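Secondary and tertiary structure notes
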Amino acid sequence: MTMIETVRGPVPEESLGRVLAHEHIFVLSPEIQANYPEEWGEEETRVAQAADRLNELKASGIDTIIDPTAIGLGRYVPRISEVAARTELNIVVATGLYTFNELPHYYRGRRPPREGGAVDILTTHFVQDIAEGVSGTATGDGRKVKAGVIKCATDQPGLTPDVERTLRACAQAHRQTGCPITTHTHARSERGLDQQRVFTEEGVDLSRVVIGHCGDTDDLDYLSKILEQGSYLGMDRFGIDGYLTTEQRVGVIAELCRRGFESQLVLSHDASCYIDWIAGELPLGPLPNWHYLHISNDVIPALLGAGVSPEQVDVMLVDNPRRYLASAGKGGY
Ligand SMILES: [Zn+2]
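Before going into details, it helps to say that this report is about the structure given with it.

Scoring rules and cut-offs
Residues numbered from 1 in each chain as written. Predicted model: local features only at pLDDT ≥ 70, side-chain atom pairs only at ≥ 80, totals over all residues. Heavy atoms only, no water. Phe/Tyr/Trp six-rings, centres within 6.5 Å; stacked < 30°, edge-to-face > 60°. Buried < 20%, exposed > 50% of the residue type's maximum accessible area, 1.4 Å probe, protein only. Helix = DSSP H or I, 4+ residues; strand = E, 2+ residues; numbered from the N terminus. 1 Å grid on protein atoms, 1.4 Å probe; cavity = no way out; pocket = protein on both sides within 12 Å on 5 of 7 lines; lining within 4 Å. Points joined across faces, edges and corners; volume = space filled by probe spheres on them. Nonpolar A, V, L, I, M, F, W, Y, C, P; charged D, E, K, R; others polar.

Points about the packing of aromatic side chains
All chains considered together, the criterion is met by 6 aromatic pairs. Judged by centre distance (5.2 Å) and plane angle (85°), the ring pair of Tyr106 and Tyr107 falls under edge-to-face. On the basis of relative accessibility, which here comes to 41%, the residue Tyr106 falls in the partly exposed class. By the ring-pair criterion, three or more aromatic residues cluster together here, those being Phe26, Trp40 and Tyr274.

Rendered as structure tokens:
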């Protein structure tokens with residue numbers, strides 16, 4: 001039995017239950033919030049609202065979320081601890097870094113020399129979050145909250161020098177610790193294949209990687225190429241109808257299950273309780289289904305209606321995320 005790191009401390013892998021593999025709680029712009037906090041309002045109100053949303057999610061039959069809010073998305077784990085103390089839902093938090101183009105100047109000014117095998121400070125920070133725990137946090141038994149996944153992103157701009165550096169640093173932290181990797185991609189420009197190539201060059205076992213946002217495309221040739229290399233597909237943006245509607249997303253999953261790939265699919269919404277990138281509160285008018293309950297209420301019935309079996313739903317929601325998170329227990333390699 002492997003213990004899985006959550007915000008309230010390690011839990012046995014079998015207690016993860018049904019897992020949404022990519023949900024944020026807060027996505028924030030810290031420097032804006034520090035200077036212009038009016039919209040955020042009362043801290044207690046925001047924390048209480050988030051706990052309410054997560055308790056609704058737990059009541060809908062989901063037991064765990066993976067929150068891949070890395071540096072660049074306003075990560076602040078002490079606030080997540082406040083929320084976690086008010087819900088039975090398990091929350092697995094991330095280390096890593098989210099950028100489409102450049103790194104923050106802090107890291108740009110600390111670029112490792114080309115030669116000599118110096119460890120990138122990005123890797124040092126990621127490993128610290130995984131091995132020692134995240135600064136400023138404490139679980140119930142007084143230990144720090146440890147990151148359970150490593151997050152990185154590759155969007156339309158592709159492998160810019162800083163994005164490639166980030167991917168390699170994530171891969172190196174993964175190799176040291178065994179902590180699994182989860183990603184953001186721009187699916188239509190096939191960025192998942194770029195990520196797999198860099199990870200392979202770094203010696204990563206691709207079966208310990210979720211290539212995120214694969215659910216944003218119905219290009220089965222692209223998805224098959226990622227699957228053939230062993231990674232999980234993140235079918236993880238249910239409710240973001242601008243890329244694909246729920247009906248289209250369900251259709252792709254049903255077809256992949258028909259082809260026998262259910263053991264490589266994970267489900268989620270990429271939703272949040274509060275995201276300051278968007279004016280107003282979720283769910284938004286144009287995206288009425290972009291909230292935590294869409295999968296429980298609408299997507300699971302739609303999958304069953306499209307010919308996916310209840311066993312296949314459990315494989316995607318229970319078995320796959322459990323195997324993925326428990327792979328951290330195998331350690332580095
Ligand atoms: Zn996300």
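Additional details are given in the paragraphs that follow.
Side note on unusual backbone geometry
The residue Glu190 is not glycine, and still its phi comes out positive at about 60°. Checked against the element boundaries, Glu190 lands in the loop between β8 (181-185) and α7 (191-201). One non-glycine residue, Asp270, lies in the positive phi region at around 60°. Within the secondary structure, Asp270 is located in the loop between β11 (265-267) and β12 (274-275).

Some words on empty space enclosed by the protein
Considering all chains together, one arrives at 2 cavities of 30 Å³ or more under this definition. The calculated volume of the largest cavity comes to roughly 80 Å³. Lining the largest cavity, in full, are Phe26, Leu28, Asp67, Thr69, Gly74, Arg75, Tyr76, Val77, Arg79, Ile80, Val93 and Ala94. Counting residues per element, the ones that place at least two in the lining of the largest cavity are α3 (77-84) and β6 (90-96). At 3 residues, α3 tops the list of elements feeding residues into the lining of the largest cavity. Of the residues in the lining of the largest cavity, the class split is 7 nonpolar, 2 polar and 3 charged. Taken as a whole, the second largest cavity spans an internal volume of roughly 40 Å³. Of all elements in the fold, only β1 (3-6) and β2 (9-12) reach the threshold of two or more residues within the lining of the second largest cavity. In the lining of the second largest cavity, the residues fall into 2 nonpolar, 3 polar and 4 charged.

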